[in-house]
Amino acid sequence: MATKKDYYEVLSLSRGASEDEIKKAFRKLAKKYHPDVNQGDKSAEIKFKEINEAYEVLSNKESKSRYDQFGHAGVDPNYGAANYSNTGYSSSGFSPFGDDFDIGDIFSSFFGGGFGSTSGRGANSNAPLRGSDVDVTLNISFEEAVNGSKKKLSYNAVDVCKECKGTGAKGGKAGVKSCSECNGSGQVTMSQRTPFGVVQTSRTCSKCHGAGSVIQNPCNFCYGKGFVKAAKNIEIDVPEGIDNNQILEVGGKGNAGKNSGPSGNLHVYVNVRPHAIFERKGTNIWCEIPITFTQAALGAEISVPTISGRVTYKIHEGTQSGDVFKLKGKGVKNVNGYGRGDQFVKVIVEVPKNLSTNQKEILKNFESISKEKNYQNRKGFFNKIKDLFEN
């Protein structure tokens, strides 16, 4: 397996580069190695993929931090996958929560305050409680955001232990016994004689902690908690027109609920890589198109790239550098389904360089005729210039 290049090296950056520096470097290199510019060039295609991969990691604060600390091992989605069995948890003595994870804190980490609206020791500990939500980041290309796509996601979430079926006991339900201290109620009633009579108070059973049952032999896979941290793999639909920093919510794909409660949701934070040519502003697309000196002066039909393919556009005579024309309906579809934006194209007139003696002479003659305000003569000279410069 080939060794991956350093992502900073790929983008020609030094470590500690700012967010703006990373974005500028990506746009510059992506424009240089874009497949549309280097058709049929395999080396440029490989370089373009490397640039995209590097930007995906370094443009996201979380993944950039992991990469800076651990290198490629910190951002490889398959790193450490061998420590999990097909059931999503460790089949050996290895803890799926990592060496520094306190398994006794699993509920406070994933369920503490994250279930439902009930909290405090007076709540029914056996009531179904909703699982907490999980956040993930999805990196997609400009085209995938504009046109929509299907994407596969890999992430970790709390799941019901498949070995003990969530009971926490070795052997499943058979290993769970009614608590002898509270007789299965989860509450212990205490009576106290006072000058005003006998006062009864209830408290959570200290033996079963309000569960009403106790585990004889804890499950070896979840250590008696009934839950494990498992690797999840799902496919989601990215809607057409999604924009950078928007959030997709996938119901029921978060952390598992307690006591048969529903799972939480998955929040997908979308990170859209910038395009080498197009820039998005809301539902509108902007780009720049270079044209020749004679095309600007005489007018011409030019080929313009759009997000749905190239189109032909006729520019008028006397077009100036910096002029903007609009392609109606060639922008981005509103993600909520309300119409589509436009594409705005800024014209950049390229001034010819390294002119020959003959070319310079013709331009001098044109300058002389221009002072005479003779349109027909000027146009005739411009046609000569066109033949000389473009043929």
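All of the points below concern the structure found in this document. (Residues numbered from 1 in each chain as written. Predicted model: local features only at pLDDT ≥ 70, side-chain atom pairs only at ≥ 80, totals over all residues. Heavy atoms only, no water.)

### Comments concerning the nonpolar core
Counting residues in hydrophobic clusters, the biggest one holds 20 residues, and the most contacted among them are Y7, L11, L13, I22, L58 and Y67. Looking at this core, the elements that each hand over two or more residues are α1 (7-10), α2 (19-33) and α3 (42-58). Per element, the largest residue contribution to this core is six residues, and it comes from α3. Beyond its immediate sequence surroundings of up to four residues, L13 is in contact with Y8, E21, I22 and A25. (Core = buried A, V, L, I, M, F, W, Y, C linked by side-chain atoms within 4.5 Å. Buried < 20%, exposed > 50% of the residue type's maximum accessible area, 1.4 Å probe, protein only. Helix = DSSP H or I, 4+ residues; strand = E, 2+ residues; numbered from the N terminus. Contact = heavy atoms within 4.5 Å.)

### Quick notes on the environment of P35
By secondary structure assignment, the location of P35 is in the loop between α2 and α3. Owing to a relative accessible area of 35%, P35 belongs among the partly exposed residues under this scheme. When the C-alpha positions of P35 and E45 are compared, they lie 6.1 Å apart, and in sequence the two are 10 residues distant.

### Considerations on the sheet that holds strand β1 (residues 134-140)
Within a beta sheet, neighbouring strands are joined by backbone hydrogen bonds and run either parallel or antiparallel to one another. Strand order across the open sheet formed by three strands is β1-β9-β8, with mixed pairing between neighbours. Looking at strand neighbours, the two that pair on one side only are β1 and β8 (247-250), the edges of this open sheet. Geometrically, the sheet is characterised by an average inter-axis angle of 25° between neighbouring strands, direction not taken into account. (Pairing = 2+ DSSP bridges. Axes fitted to C-alpha atoms, helices over the stretch in contact; angles between N-to-C directions.)

### Brief notes about the packing of aromatic side chains
With the rule as written, the count across this model stands at six aromatic pairs. Geometrically, the ring pair formed by Y7 and Y67 is tilted, given 4.8 Å between the ring centres and 35° between the ring planes. Here Y7, found in helix α1, pairs with Y67, found in helix α4 (residues 61-70); they are 60 residues apart in sequence, far enough to count as distant. Look at Y67 and you get buried, because its relative accessible area is 2%. Ring pairing ties together the aromatic residues Y7, Y8 and Y67, which thus form one cluster. (Phe/Tyr/Trp six-rings, centres within 6.5 Å; stacked < 30°, edge-to-face > 60°.)

### What about the packing of α2 against α3?
Helix-helix packing: each pair is described by the crossing angle between the helix axes and the interaxial distance. The contact between α2 and α3 brings their axes to 9 Å, and the two run at 165°. When the interaxial angle is binned, α2 and α3 end up roughly antiparallel. The two elements α2 and α3 cross, and the hand of that crossing is left-handed. Contacts between α2 and α3 pair I22, K23, F26, L29, A30 and Y33 from the former with A44, K47, F48, I51, N52, Y55 and L58 from the latter. Grouping the amino acids of the contact of α2 with α3 by side-chain chemistry returns 10 nonpolar, one polar and two charged. (Parallel < 35°, antiparallel > 145°, perpendicular 65-115°, else oblique. Left-handed = near helix turned anticlockwise from the far one by under 90°. Nonpolar A, V, L, I, M, F, W, Y, C, P; charged D, E, K, R; others polar.)

### A short note on the sheet that holds strand β10 (residues 279-281)
The four strands are arranged β10-β11-β15-β14 in an open sheet whose pairing can be described as mixed. On the outer flanks of this sheet lie β10 and β14 (324-327), each paired with one strand and no other. Direction aside, neighbouring strands of the sheet carry axes that sit 30° apart on average. Note: β14 against strand β15 (residues 343-349), four bridges, orientation antiparallel. Bridge pairing in β15 links K326 to F344.

### Here we look at the environment of G16
Examined against the element boundaries, G16 turns out to sit in the loop between α1 and α2. With 52 residues separating them in the primary sequence, G16 and D68 have C-alpha atoms 8.9 Å apart.

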